[in-house]
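Structural characterization, general
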Amino acid sequence: MEFSTESPLNLNSTEVNLHKDKSQYVIPTAFAVIFVIGVIGNGLLIVSVVLNKEMRTRPNIYIVSLAVGDLLLLLVSVPFYGFTYMYPQWPHGAFACKLLAFLKALSLGVSIFTLTALSWDRYSACLHPIRRHKDTMPRTALIAGAIWILSTALAVLEYTIANVNHVQYDDSLPVFVCHSHPAHFAAWFPCFRACLRFTIYFLIPIIAIAVLYSLMARSLWSTHTQIPMQETTAVAAAVLGEEALRSCPGVVRQQEARRKIAKLVLTIVILFAVCWLPRHVYLVWFQCPAIPGEYNMFWHVWKMMAYCLCFSNSCINPLALCILSDQYRRHFTRYLCCGCVQRGSSRAASRVPQRAGTWQTASISVRLHHHKRMSTDAQYAHHGHRRRLSR
């Protein structure tokens, strides 16, 4: 039995009862795990960024935006959908059906559009560092706000057409089912909607992200193409030579940091694709009669797996950040242990130069200016020492 966007119409009563019995236990259990991990993880992520000044960076604005969208979906939609599978029909009414469709589309839009903006931010940082320095925190916050406005506008369409329909399967009693659209819509609309959602919420953004990361990979990992240097760095390279400049620890750290940050963002994008692609595949197959195939046990298991995966995307990002980022892992451990890790140790760690795996990247121009001043001071000291000896 299905209570949200589609319902199998060609199963016999034995298969329906078997599927219903399995869904009653599998879906609520999986959703309970997703809810606990997601609420704790996204809550820790938001607290880590808000309460620590060194974490308030441009990329982390996008990360917090992702966490807020996921947390909203987890707190409202997951409990409703989880409990729904314990009932024989949709028990929450038309408003809840519309609200959950709205929140699901909102979270999906915020996630994929924010990941696209975050990929563009990494692309600019790696290939156009001079242009990226023109970006400011308010401008990044404005872009994140625009993503929420766009996602809300698209989600309002889902809210408008979502509806509770009275459906009868075979010889069983009629039941109320929360559908993505009213029953009187044209027969072609479900297929059109599934393909449109797949294109807007998956295909176009993933292609854009793939192009950006292809350009970054060619620049970051190629032996022939180097990361563009800032104007001050180019001047120093003309004096010291590019090879000597690239051997400086600051430049090496900056390039390594950019590589690690790009890998982290790419990991989040891949996780999103893995979590949402099965759901899109199932919806396009189910809603488009032109695609051959019958609803059987394989597709039912696929549907259950895809349904759990798309919601698990809301809890997986904090886990990925905790595994791949030392900085996030340190703050997660600190707040998760409720102060067991002493604040003094974290302050001492903050005085240590940032490792290459964090979001912050060092400024080459500042290091070069400091290096030039130190060299000038050393020259003056050397000349003064020679004068005293001559006297």
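Quantities reported herein were computed from a predicted structural model and do not represent experimental measurements.

Right, let's get into helix α3 (residues 93-127). With 35 residues, α3 extends 51 Å between its outermost C-alpha atoms, agreeing within 8% with the 51 Å of an ideal straight helix rising 1.5 Å per residue. Here α3 lies mainly inside the structure; 29 of its 35 residues are buried.

So, about the state of the cysteines. The tally for this structure, following the rule as stated, stands at two disulfides. The disulfide bridge from Cys97 ends at Cys178, spanning 1.9 Å between sulfur atoms. Measuring handedness by torsion sign, the sulfur bridge of Cys97 and Cys178 sits at about 85° and is right-handed. With Cys97 in helix α3 and Cys178 in strand β2 (residues 175-179), the pair connects residues that are 81 residues apart, well separated along the chain.

A few words on the packing of aromatic side chains. How two aromatic rings sit relative to each other is set out by the distance from centre to centre and by the angle between their planes. One pass over the full model with this rule turns up 22 aromatic pairs. Taken together, a centroid distance of 6.0 Å and an interplanar angle of 85° make the contact between Tyr81 and Tyr307 edge-to-face. With Tyr81 in helix α2 (residues 58-84) and Tyr307 in helix α10 (residues 297-324), this residue pair connects regions lying 226 residues apart in the sequence. A relative accessible area of 5% places Tyr81 in the buried class. Here Tyr307 and Phe311 contribute two aromatic rings whose centre-to-centre distance is 5.5 Å and whose plane-to-plane angle is 75°, an arrangement assigned as edge-to-face. Remark: Phe311 and Tyr307 occur in helix α10; sequence separation between them is four residues, near one turn of the helix. In this structure Tyr307 comes out as buried when scored by relative accessible area, which is 0%. Overall, the relative accessible area of 1% leaves Phe311 in the buried class. Grouping aromatic residues by their ring pairs yields a cluster made of Tyr282, Trp285, Phe286, Tyr295, Phe298, Trp299 and Trp302.

Attention now moves to the side chain of Ser111. Among the structural elements, Ser111 can be located in helix α3. One polar contact links the side chain of Ser111 to the main-chain carbonyl oxygen of Ser107, over a distance of 2.8 Å. The contacts of Ser111, once residues within four sequence positions are left out, are Leu66, Asp70, Phe272 and Asn313.

Judged by nonpolar contacts, the single largest core of 69 residues is most densely connected at Phe31, Leu45, Phe311 and Tyr328. Elements with a minimum of two residues in this core: α1 (13-50), α2, α3, α5 (137-161), α6 (189-220), α9 (249-287), α10 and α11 (326-336). Other than its neighbours up to four places away in sequence, Phe311 contacts Phe31, Ile34, Leu73, Ser77, Val78, Tyr81 and Lys104. In this structure, Ala194, Tyr282, Leu283 and Trp285 belong to the second largest nonpolar core, which totals nine residues.

So, about the pattern of salt bridges. Here the structure, examined in full by the defined rule, presents four salt bridges. Measuring nitrogen to oxygen at the nearest pair gives 3.2 Å for the salt bridge that ties Arg197 to Glu158. Here Arg197 is found in helix α6, whereas its partner Glu158 is found in helix α5, with 39 residues between them in sequence. Each member of the pair, Arg197 as well as Glu158, is classed as buried. For Asp326, the salt bridge is made with Arg329, and the minimal N-O distance between the two is 2.2 Å. Here Asp326 pairs with Arg329, and both are found in helix α11, just three residues apart, close to one helical turn. Under the relative-accessibility criterion, Asp326 is labelled partly exposed at 25%. Via salt bridges that share partners, Glu158, Arg193 and Arg197 belong to a single interconnected network.

Topologically, Ala183 is positioned in the loop between β2 and α6. Sequence-wise, Ala183 and Val167 are 16 residues apart; in three dimensions their C-alpha atoms are separated by 9.2 Å.

The rules behind each value
- Residues numbered from 1 in each chain as written.
- Predicted model: local features only at pLDDT ≥ 70, side-chain atom pairs only at ≥ 80, totals over all residues.
- Heavy atoms only, no water.
- Helix = DSSP H or I, 4+ residues; strand = E, 2+ residues; numbered from the N terminus.
- Expected span 1.5 Å × (residues − 1).
- Buried < 20%, exposed > 50% of the residue type's maximum accessible area, 1.4 Å probe, protein only.
- Disulfide = S-S within 2.5 Å.
- Phe/Tyr/Trp six-rings, centres within 6.5 Å; stacked < 30°, edge-to-face > 60°.
- Polar contact = N/O pair within 3.5 Å; in protein donor to acceptor, adjacent residues only side chain to side chain.
- Contact = heavy atoms within 4.5 Å.
- Core = buried A, V, L, I, M, F, W, Y, C linked by side-chain atoms within 4.5 Å.
- Salt bridge = Lys/Arg side-chain N within 4 Å of Asp/Glu carboxyl O.

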